Amino acid sequence: MHFKSLTELKLALHKKEVSSHELVSHYLKRIERFNPQLNAFITVTGESALQEAQKADTLRARDPENAPPLLGLPMAHKDLFCTDGVKTSCASKMLDNFIAPYDATVVTKCRDTGLITLGKTNMDEFAMGSSNENSFYGPVLNPWNTDYVPGGSSGGSAAAVAAGLVPAATGTDTGGSIRQPAALCGLTGLKPTYGRVSRYGMVAFASSLDQGGPFAKSAEDVALLLNAMAGFDERDSTSLNVPVEDYTQHLNRSIAGLKIGLPKEYFSHVSGPMQKTLEEALKVLEKLGATLVEISLPHADLAIPTYYVLAPAECSSNLSRYDGVRYGYRCENPRDLNDLYLRSRGEGFGTEVKRRILIGTYVLSAGYYDAYYLQAQKTRQLIKQDFDEAFKKVDAIASPTTPTPAFKIGEKVSDPVTMYQCDIYTLALNLAGLPGLSMPAGFINGLPVGLQLMGHYMQESKLLNIAHQYQCHSDWHQQHPTAME
Amino acid sequence: MTLSIKKVQETAYLARIAMSDAELNRCHHEIEQIFTLIDQLQAVDTKGITPLAHPQASQQRTVADKVTESDQHEKFQALAPAKQLDYYLVPQVIE
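All of these numbers come straight from a predicted model, not from anything done at the bench.

Criteria and cut-off values
Residues numbered from 1 in each chain as written. Chains lettered and ligands numbered in written order. Predicted model: local features only at pLDDT ≥ 70, side-chain atom pairs only at ≥ 80, totals over all residues. Heavy atoms only, no water. Contact = heavy atoms within 4.5 Å. Buried area = accessible area lost by both parts, 1.4 Å probe. Salt bridge = Lys/Arg side-chain N within 4 Å of Asp/Glu carboxyl O. Helix = DSSP H or I, 4+ residues; strand = E, 2+ residues; numbered from the N terminus. Nonpolar A, V, L, I, M, F, W, Y, C, P; charged D, E, K, R; others polar. Expected span 1.5 Å × (residues − 1). Bend = angle between axes of the 7 residues up to and from the residue. Buried < 20%, exposed > 50% of the residue type's maximum accessible area, 1.4 Å probe, protein only. Core = buried A, V, L, I, M, F, W, Y, C linked by side-chain atoms within 4.5 Å. Axes fitted to C-alpha atoms, helices over the stretch in contact; angles between N-to-C directions. Parallel < 35°, antiparallel > 145°, perpendicular 65-115°, else oblique. Left-handed = near helix turned anticlockwise from the far one by under 90°.

J.: Explain the interface of chain B and chain A to me, please; I cannot follow it from the model alone.
T.: Interface size is often expressed as the accessible area that is lost when the parts come together. Counting residues at the interface gives 51 residues for chain B, matched by 72 residues for chain A. Between chain B and chain A, roughly 5300 Å² of surface is buried when both sides are summed, and carbon and sulfur atoms account for 67% of that area. Looking at the side of chain B facing chain A, the largest losses of area belong to B:Leu41, B:Leu52 and B:Arg61, adding up to 13% of the total buried there. At the junction of chain B with chain A, the criterion picks out four salt bridges. With its nearest N and O atoms 2.6 Å apart, the salt bridge here joins B:Glu23 to A:Lys354. Residue contributions to the side of chain B that touches chain A peak at ten residues, all from helix α2 (residues 21-38) of chain B. Grouping the constituent residues of the side of chain B that touches chain A by class yields 33 nonpolar, nine polar and nine charged.

J.: Even after reading the chapter, I still don't get unusual backbone geometry, so can you show me in this structure?
T.: In terms of backbone geometry, most residues other than glycine have negative phi values and most peptide bonds are trans. All names here are of chain A. Note the cis peptide between Gly152 and Ser153, where omega equals 5°. Here Ser153 is to be found in the loop between β3 (116-121) and α5 (155-162). Not every positive phi belongs to a glycine, and Asn39 is a case in point at roughly 65°. Along the chain, Asn39 turns up in the loop between α2 (20-38) and β1 (41-44).

J.: Just checking my understanding: could you explain α2(A) for this structure?
T.: Note: α-helices contain 3.6 residues per turn, so residues at a spacing of three or four share the same orientation. Residues and elements named next belong to chain A. When the terminal C-alpha atoms of α2 are compared, their 25 Å separation across 19 residues agrees well with the 27 Å that a helix rising 1.5 Å per residue should span. Its maximal kink placed at Glu32, α2 deviates by approximately 35°, while the proline Pro36 follows within four residues. Taken together, the buried positions of α2 are Ser20, Leu23, Val24, Ser25, Tyr27, Leu28, Arg30, Ile31, Phe34, Asn35 and Leu38. Structurally, α2 contributes buried residues whose contacts are with α1 (6-14), β1, α3 (46-62), β2 (74-78) and β3. Where α2 ends, the next residue or the one after it, Asn39, has phi of about 65°, a positive value.

J.: Is there a simple way to think about the nonpolar core in this case?
T.: One broad trend across soluble globular proteins is that nonpolar side chains are buried collectively. Residues and elements named next belong to chain A. Formed by 178 residues in total, the largest nonpolar core has its most connected members in Phe126 and Phe387. No other element matches helix α10 (residues 303-318), which puts nine residues into this core. Setting aside residues up to four positions removed in sequence, Phe387 forms contacts with Tyr266, Leu297, Ile397, Ala428, Leu429, Ala432, Leu434 and Met454.

J.: Can you help me understand the environment of A:Cys90 in this one?
T.: Residues and elements named next belong to chain A. Of note, Cys90 is situated in the loop between β2 and α4 (105-112). With a relative accessible area of 0%, Cys90 lands in the buried category. As a C-alpha pair, Cys90 and Cys110 span 20 residues in sequence and 20 Å in three-dimensional space. The residues contacting Cys90, other than those within four sequence positions of it, are Asp79, Leu80, Leu95, Met123, Asp124, Glu125, Phe126 and Val203.

J.: Even after reading the chapter, I still don't get the packing of α2(A) against α3(A), so can you show me in this structure?
T.: Between two packed helices, the angle of one axis relative to the other and the distance separating the axes together describe the packing. All names here are of chain A. Between α2 and α3, the shortest axis-to-axis distance is 8 Å and the interhelical angle comes to 160°. Classified by the angle between their axes, α2 and α3 sit roughly antiparallel to one another. Where α2 crosses over α3, the handedness of that crossing is right-handed. Here α2 contributes Ser20, His21, Val24, Ser25 and Leu28 to the contact with α3, which in turn contributes Gly46, Ala49, Leu50, Ala53, Gln54, Ala56 and Asp57. Residue composition of the contact of α2 with α3, by class: six nonpolar, five polar and one charged.

J.: How should the pattern of salt bridges be read in this particular structure?
T.: Should the charged atoms of two oppositely charged side chains come close, the side chains can pair. Residues and elements named next belong to chain A. Applying the stated rule across the entire model yields 21 salt bridges over all chains. Ionic pairing is found between Asp236 and Arg199, a salt bridge with its closest N-O pair at 3.6 Å. With a gap of 37 residues between them, Asp236 in the loop between α7 (219-229) and β7 (259-263) and Arg199 in the loop between β5 (188-191) and β6 (212-216) connect regions that are remote in the sequence. The residues Asp236 and Arg199 share a single accessibility class, namely buried. The shortest N-O distance in the salt bridge between Arg356 and Glu352 comes to 2.7 Å. Remark: Glu352 and Arg356 occur in helix α12 (residues 351-364); sequence separation between them is four residues, near one turn of the helix. Accessibility expressed as a relative area gives 3% for Arg356, which makes it buried. For Glu352, a relative accessible area of 7% puts it in the buried group. The network of salt bridges with common partners includes Arg335, Asp339, Arg343 and Glu347.

Read these as geometric descriptors, not functional statements.
Pasting the structure below:
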C-alpha cells in the first residue's frame, strides 16, 4: 500500500477499499519504523493526524458526493511552512523553540482540500543547501542508499515520499530545492511559476526566488497537489491574481508536435552514463511525437555567480529579523543589547547560514553594492532574456536536473563552491521566475537520475502533460527502494 | 579579489554575528573561494541592461488602508524569550 501513488490511494478511499484512519495509521507506523534511520521528519503529528482521519472517514460516509477532492489522504509539510500550534523550526537552532502562531496559506489550502498532515520534514537550515547536511537535527539519508545524500534543501520531504513514509509532501525551491532532491530520490517534483503558490507563512530565505511546490511519485499526483496549493492570496503581495486551472485536465493530451529545446550549454557538460540515461529519456519523448531542437541559453554560465550574490543578499536582509528579542533563540545572560544580538545570532545560526548572511551583507554594503548586487541584477536580466528568446522557438526546455546522481554524505560538505555547482542546471529558472519540474528518468549504479522540464510563465499544465505522457511510457517513477519495503 | 580577514570580521559585526577566531578563519577562507566564483560577473558587459530585481516586472498591488487583523499580541508574545506585562524584555539600553 505504501508505495502506491496518491491517485491510486484516492481511488482506494473512494471505493472504500481502505479507510483514511487505516491509511494514516499505516503511514505513521512506517514513519516510526524508518524515520530513526532516515531522519526525514523533525516533528510527527500522529495524534492530530489520526483524529483528522477519523473525521475524514465520518465526512466521507455521511456525504461522499461532496467530499473535498483529496479527503483523508496523508501528506507532510517541509518544516518551513508555518503550522499553527506546531513547531516550525526551519531545521535551525534559532527556531528550535518556535511554535508557529498561524498557518501558512499552503497549509490551509492543503487542509481545505482534505489532506491530512502527518508531520514536518527535515531540511537544510533555512533552505540553504543542496544535500540536507546543513540541518540542526542532523542529515537526512537517501532511501535508495543510506550512504548518500537525498539532495536539498527539501531533502526530508523527498526522502519521506521516496521511502513510502507519506505519498506526498510539500517543498520549497529557491535555487533547485524541490527539483534537485526529487531527482536524487527518484520522484516527480514541481517548482511553479513565481507567484503561483502563496508565500504567506513560508519562512523567507530569498523573497524574489522562493516558491513552494509539491513532491510525489508521478506527474498525475503532482497535478492533484498543485490544484490544492495554487491560487491567488491577498496576504502575499507577489501572489499572481490569475485563475487556477485544473492541472489534471490536459495530462492525457498528445505531445505530438510539441517542440522541446535542448540547451547546448547544459548538455555540453554531460557525458558517460548520465548522457546515455538522458538520451534514452529524450528518445521516449521523440517517439511520442515531440520534436527535439537544440537551443542556446548564452548566459547559462552566469546563473551560479548571479544567484550566489542575489540569494545571500536577500537572505541577509530577511534573516535580520532573528534578533533574540521577539521569538526564537536568545543567548544566555547577555551583557547588553549588542551582545544579545551578536551572540543570539552567532549561536543560533549554523555555518552555511552565517556564511550566506556575511556574503549578503558584504555585497549590499556601501562601496560594493554597484559592483556586486546591481551587476548581478543586470546579469539576472540577461538570463531571463535568454529564456524569453528560447520560448519564442520551443514549447518547453529539457535538461539534466543535476550534474550527477546523489553523492556520498560528507563528500562535498567542506567545499561550498563544489556544493554550489550541484545547482548548475536549476538556478537559472528561479532567477527568471519560471516553472520547472524534475521527473525520474533512469538509474545509475542504483541511484535515481532526474530529467528537468522547464516551461514559460504559467505553463505548469504543459510540463505536467509532457511528464505524464513520458510516465505513461516508462516505469522509472514506479520504482521504489527495496530496503524500505 | 582579495578579501582581508579584517573585512570579514567587520562584515560579521555589521551582520551582528559573533564568531570565534577559528570560525572567522574558516569562514574567511571559504568566502574568498566563493568570491572567486562570484567575481566572474565583473567580466560581463552589462552596459545598457536594466537591472532585474524581481521576476514580476509589474507594479506591486495596493490594498485598501483599513485594519484587517485582529489583536493577537498575547498569542505572539507567548513566543518571546523574555517579556513583562505587554513588553518584550531586553538588556537595559538607557542608563
